[in-house]
Amino acid sequence: MADVPMNDCKLTAPVSALSLTPAQLKPYQQGNQAVLNVQGLIFPAGTDKTIDAEPTDETDTALRAAINYHRSIKTQGAEQIATYWHPAMQPMKLQQLNQPGVMQSTKELYANTDSVELLGMLKLNGREVVFIRHAGKTQAYITVESNGQYYLVSDPGLTPQVSIAIAAFDRGTATMTR
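Enquirer: Where do I start with the overall build of the chain in this structure?
Expert: The helix and strand tally for the chain stands at six helices and nine strands. For 178 residues, the compact-globule estimate of 2.2 N^0.38 gives 16 Å, and the chain sits close to it at 16 Å. The principal-axis extents of the C-alpha atoms in the chain amount to approximately 45 × 35 × 30 Å. For the chain, the proportion of its 178 residues judged to be buried stands at 44%. For the chain, contacts bridging at least 24 residues in sequence account for 62% of all contacts bridging at least 6. When the accessible surface of the chain is split by element, carbon and sulfur atoms take 49% of a total near 9,100 Å².

This is how it looks when you write it as structure tokens:
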């Protein structure tokens, strides 16, 4: 997000909303709250982005990669959808998408969706993570930059931070300061 100014963000979630081990929770726990202080952007409530369009194939920012991934789910096949994942993960994602019923159920989930709600974009341990709510469920899209393009990745090392952020967006607070 070199072209996007980052701000200090504070995300607070009730510990009861988290499924983390005591060791994962310890660095963030303050009483009955988990607090995550990071750089990022918190979008105003109700910020929607249309996915009822063809993907632009622009993946030069984390946000564009996540939105175009959603658009591709609505309109494209497994091969095209898999290209939004890091090249090292594409064969595994393609295999997942080609399992019986996976594409059909995924397409059905997005069939009547015109837009997704943008919640925030955070810098977590060098990764840019986009938080989007779709069909009432908050999802995190972890990205990595490679040769000027952003790709989706899995990063189990971010589980505590991602879990706290999702719980903050859903049941806590997420604020941004200058």
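Next comes the rest of the description.
Enquirer: Before we go on, may I ask you to explain the side chain of Thr59 in this structure?
Expert: Tracing the sequence through the fold places Thr59 in the loop between strand E4 (48-50) and helix H2 (62-75). With relative accessibility at 10%, the residue Thr59 sits in the buried group. Setting aside residues up to four positions removed in sequence, Thr59 forms contacts with Ala65, Tyr84, Gly148, Gln149 and Tyr150.

Enquirer: I'm lost on the nonpolar core in this one. Help?
Expert: For soluble globular proteins, the rule of thumb is that nonpolar side chains tend to be buried together. Counting 51 residues, the largest nonpolar core has Leu11, Leu122, Leu124 and Phe131 as its most contacted members. Aside from chain neighbours lying at most four places away, what touches Leu11 is Ala34, Val35, Leu36, Val38, Leu122, Ile164, Ala165, Ala168, Phe169, Thr173 and Ala174.

Enquirer: Just to check I follow, could you spell out the pattern of salt bridges for this structure?
Expert: Between side chains of opposite charge, a pair can form when the charged atoms approach closely. All told, the structure shown has seven salt bridges when counted by the stated rule. With a closest N to O distance of 3.4 Å, Asp52 and Lys74 form a salt bridge. Here Lys74 lies in helix H2 and Asp52 lies in the loop between E4 and H2, a separation of 22 residues in the sequence. On the accessibility criterion, Asp52 (47% relative accessible area) is partly exposed. When the shortest N-O distance is used, the salt bridge between Asp155 and Arg127 registers 3.0 Å.

Enquirer: How do you make sense of the packing of aromatic side chains when you look at a structure like this?
Expert: Centre-to-centre distance and the angle between the planes together describe a pair of aromatic rings. In the structure shown here, the tally under the stated rule is four aromatic pairs. An angle of 65 degrees between the planes, with centres 6.4 Å apart, marks the rings of Tyr69 and Tyr84 as edge-to-face. On the criterion of sequence distance, the pair formed by Tyr69 in helix H2 and Tyr84 in the loop between helix H3 (78-82) and helix H4 (90-97) is long-range, its members being 15 residues apart. With a centroid separation of 6.0 Å and an interplanar angle of 90 degrees, the aromatic rings of Tyr69 and Trp85 are classed as edge-to-face. With a gap of 16 residues between them, Tyr69 in helix H2 and Trp85 in the loop between H3 and H4 connect regions that are remote in the sequence. An identical accessibility class is assigned to Tyr69 and Trp85; each is buried. Following the ring pairs from residue to residue traces out a cluster consisting of Tyr69, Tyr84, Trp85 and Tyr141. The aromatic ring of Trp85 is capped on one face by Lys93, whose charged end is 4.0 Å from the ring centroid.

Enquirer: Looking at this structure, how should I read the pairing of strand E1 (residues 7-14)?
Expert: Here is the key point about a regular strand: its side chains alternate between the two faces of the sheet. Of all eight residues that make up E1, six are buried, and the element is covered over most of its length. Two strands pair when backbone bridges link them, and E1 and strand E3 (residues 33-42) are joined in this way by eight bridges, in the antiparallel orientation. Counted as the bridge partner of Asn7 is Gly40 from E3. Direction of pairing for E1 relative to strand E9 (residues 173-177): antiparallel, over a ladder of five bridges. Bridge pairing in E9 places Asp8 opposite Thr177.

Enquirer: Hey, could you run me through helix H6 (residues 159-171) in this one?
Expert: Residues spaced three or four apart along an α-helix point in a common direction, a consequence of the helix completing one turn every 3.6 residues. With 13 residues, H6 extends 17 Å from end C-alpha to end C-alpha; this agrees with the ideal 18 Å at 1.5 Å per step. Buried residues of H6: Pro160, Gln161, Val162, Ile164, Ala165, Ala167, Ala168 and Phe169, and no others.

Reading the values: rules and limits
Residues numbered from 1 in each chain as written. Predicted model: local features only at pLDDT ≥ 70, side-chain atom pairs only at ≥ 80, totals over all residues. Heavy atoms only, no water. Helix = DSSP H or I, 4+ residues; strand = E, 2+ residues; numbered from the N terminus. Rg over C-alpha atoms; globule rule 2.2 N^0.38 Å. Buried < 20%, exposed > 50% of the residue type's maximum accessible area, 1.4 Å probe, protein only. Contact = heavy atoms within 4.5 Å. Areas by Shrake-Rupley, 256 points an atom, 1.4 Å probe, with all protein chains shown as cover. Core = buried A, V, L, I, M, F, W, Y, C linked by side-chain atoms within 4.5 Å. Salt bridge = Lys/Arg side-chain N within 4 Å of Asp/Glu carboxyl O. Phe/Tyr/Trp six-rings, centres within 6.5 Å; stacked < 30°, edge-to-face > 60°. Lys NZ or Arg CZ within 6 Å of the ring centre and 35° of its normal. Pairing = 2+ DSSP bridges. Expected span 1.5 Å × (residues − 1).

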